[in-house]
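Structural overview for review
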Amino acid sequence: MWSNHINYYCLMKTHQLVLTWIETELSEGRLAVGGRLPAERALAEQLQVSRTSVREAIRILEAMGVVRAGVGSGPEAGTVVISDPTAALGSALRLHVATQHLPVADIVETRVLLESWAVSHARPDSPELAGAARLLEKMDVDAVNVDEFLALDVRFHLALADAAGNAVVSAMMGSLRESITGYASRLTGNLPDWDATAARLRSEHHGILAAVRNHDGERAAKLVAAHIEGYYKEAGVASGGTVPARP
């Protein structure tokens, strides 16, 4: 069946031919998450391309979070279809943020939009909220350091997004958070009093979670927007999203 399309794709780079074949197999249901690609040699022969082209395509798919390539023999060998869209989106966003093509301020604004929607649609009975509550308990411990606090903060916000039950929003949220995590961490050096900021963030976290659990999505959305914007404002982020110099 695929051979009928070879001529149509003949102008493609050969690794693109492999990518297109895999996309077609996935979209038509012949490949699914957990399934395995044909062996490298067999796929090269089937598509009439070199094994180098197959390897290049698989490397691209690994970077995109679509497959996991195993080596050797046994149950872990071969290339398995997975689904980790956050990996690719997050990597791309980080690179574009680094080139300053995507201003951090715009990413933060997009995050506010997504998180506001997510908490306003979060299901009060979602099991993810129980996980969010456990994360808050860990954040409430006085001994938790800055890095641990920020890591727990990321997981808390992602748990709230997951409670909305929208896989695309969850993936985008994960990517946005990943792209600015390092930036947010650096901003702590600009805060006048981290302990006071952490205490405020803890209180705001509890308020957001309580609003969701009380079926008050509108209030939760307002609280999460003020929570995110407040952190960056307190850290002195300029309107262009740049980090001010430390004194």
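This write-up is about the structure you can find in this document. Here the residue numbering is sequential within each chain, running from 1 through the sequence in written order. In keeping with the predicted nature of the model, local features appear solely for residues at pLDDT of at least 70, side-chain atom pairs appear and are counted solely at 80 or more, and the whole-chain, interface and lining totals rest on all residues. Processing note: side-chain calculations cover all non-hydrogen atoms of the structure and skip hydrogens and water entirely.

1. Quick word on the overall build of the chain
- Going along the chain from the N terminus, every DSSP run of H or I of four or more residues is numbered as a helix, and every run of E of two or more is numbered as a strand. Secondary structure summary: the chain contains ten helices and two strands in total.
- Whether a residue is buried, partly exposed or exposed follows from its accessible area with a 1.4 Å probe, protein chains only, as a fraction of its type maximum: under 20%, in between, or over 50%, in that order. In the chain, which comprises 247 residues, the share counted as buried stands at 41%.

2. Some remarks on the pattern of salt bridges
- For this analysis, a salt bridge means a side-chain nitrogen from Lys or Arg found within 4 Å of a carboxyl oxygen belonging to Asp or Glu. Taken as a whole, this structure holds eight salt bridges when the rule is applied.
- A salt bridge links Glu115 to Arg111; the nearest nitrogen and oxygen atoms lie 2.5 Å apart. Here the residue Glu115 and the residue Arg111 both occupy positions in helix H5 (residues 104-121), the gap between them amounting to four residues, near one helical turn.
- For Arg111, a relative accessible area of 5% translates into the label buried.
- Among the charged side chains, a salt-bridge network with shared partners connects Glu25, Glu28 and Arg30.

3. Some details on a nonpolar patch on the surface
- Grouping into patches uses exposed residues only, defined as over 30% relative accessible area, and leaves out salt-bridged ones; the cut-off is 9 Å for like charges and 5 Å for nonpolar side chains (Val, Leu, Ile, Met, Phe, Trp, Tyr). Using a 1.4 Å probe, the Shrake-Rupley method yields the accessible areas, and only the shown protein chains count as cover for residues. A contiguous nonpolar patch, built from Leu89, Val168 and Met172 and spanning about 250 Å² of accessible area, is present on the exposed surface.
- In this fold, Leu89 is placed in helix H4 (residues 85-98).

4. Some thoughts on the packing of aromatic side chains
- Only Phe, Tyr and Trp rings take part, Trp by its six-membered ring, and two of them pair if their centres are within 6.5 Å. Stacked means planes under 30 degrees apart, edge-to-face means over 60, and tilted covers everything else. With the rule as written, the count across this model stands at two aromatic pairs.
- Considering the side-chain rings of Tyr231 and Tyr232, the 5.4 Å spacing of their centres and the 90° angle between planes classify their relative orientation as edge-to-face. We note that Tyr231, like Tyr232, is buried.

5. Notes on the packing of helix H7 (residues 146-162) against helix H8 (residues 167-187)
- To obtain an axis, a line is fitted to C-alpha atoms, over the contacting stretch when the element is a helix, and the angle between two such axes runs from 0 to 180 degrees between their N-to-C directions. Between H7 and H8, the least distance of the axes is 10 Å, while the angle of their chain directions is 160°. It follows from the interaxial angle that H7 and H8 lie roughly antiparallel. Pair H7 / H8 crosses with right-handed handedness. Where H7 abuts H8, its residues Asp147, Leu150, Asp153, Val154, His157, Leu158, Ala161 and Asp162 lie against Ser170, Met173, Gly174, Arg177, Thr181 and Ser185.
- Of the residues in the contact of H7 with H8, the class split is five nonpolar, five polar and four charged. If an angle is under 35 degrees, it is roughly parallel; if it is over 145, roughly antiparallel; if it lies from 65 to 115, roughly perpendicular; otherwise it is oblique. Less than a right angle of anticlockwise turn of the near helix away from the far helix marks a crossing as left-handed, whereas a clockwise turn marks it as right-handed. Two residues form a contact once any of their heavy atoms are found within 4.5 Å. In this count, Pro and Cys sit with the nonpolar residues alongside Ala, Val, Leu, Ile, Met, Phe, Trp and Tyr, while Asp, Glu, Lys and Arg are called charged and the others, Gly among them, polar.

6. Some points on the side chain of Thr197
- Structurally, Thr197 is set in helix H9 (residues 194-213).
- Polar contacts, as used here, are pairs of N or O atoms within 3.5 Å; protein pairs need one atom able to donate a hydrogen and one able to accept it. Residues neighboring in sequence count only if both atoms are side-chain atoms. There is a polar contact of 2.8 Å between the side chain of Thr197 and the side chain of Glu234.
- Beyond its immediate sequence surroundings of up to four residues, Thr197 is in contact with Leu191, Tyr231 and Glu234.

7. Side note on the nonpolar core
- Counting residues in hydrophobic clusters, the biggest one holds 48 residues, and the most contacted among them are Val119, Phe149, Leu160, Leu209 and Tyr232.
- The set of elements that each furnish at least two residues to this core consists of H5, helix H6 (127-139), H7, H8, H9 and helix H10 (217-234).
- Not counting residues within four places of it along the chain, the set of residues in contact with Leu160 comprises Ala118, Val119, Ala122, Leu129, Ala132, Ile208 and Leu209. Each nonpolar core is a collection of buried residues, namely Ala, Val, Leu, Ile, Met, Phe, Trp, Tyr and Cys, held together in the definition by side-chain atoms within 4.5 Å.

8. Topic: the packing of helix H1 (residues 14-27) against helix H3 (residues 51-63)
- Close contact between H1 and H3 brings their axes to 8 Å; oriented N to C, the two are set at 60°. Taken together, the axes of H1 and H3 are oblique relative to one another. By crossing handedness, the relation of H1 to H3 is classed as right-handed. From H1, Thr14, His15, Val18, Leu19 and Ile22 reach across to H3, where they touch Ser53, Val54, Glu56, Ala57, Ile60 and Leu61.
- The residue inventory of the contact of H1 with H3, partitioned by class, reads seven nonpolar, three polar and one charged.

9. So, the side chain of His205
- Relative to the helices and strands, His205 resides in helix H9.
- With relative accessibility at 0%, the residue His205 sits in the buried group.
- Excluding residues within four positions of it along the chain, His205 makes contact with Leu136, Met139, Phe149, Asp153, Phe156, His157 and His227.

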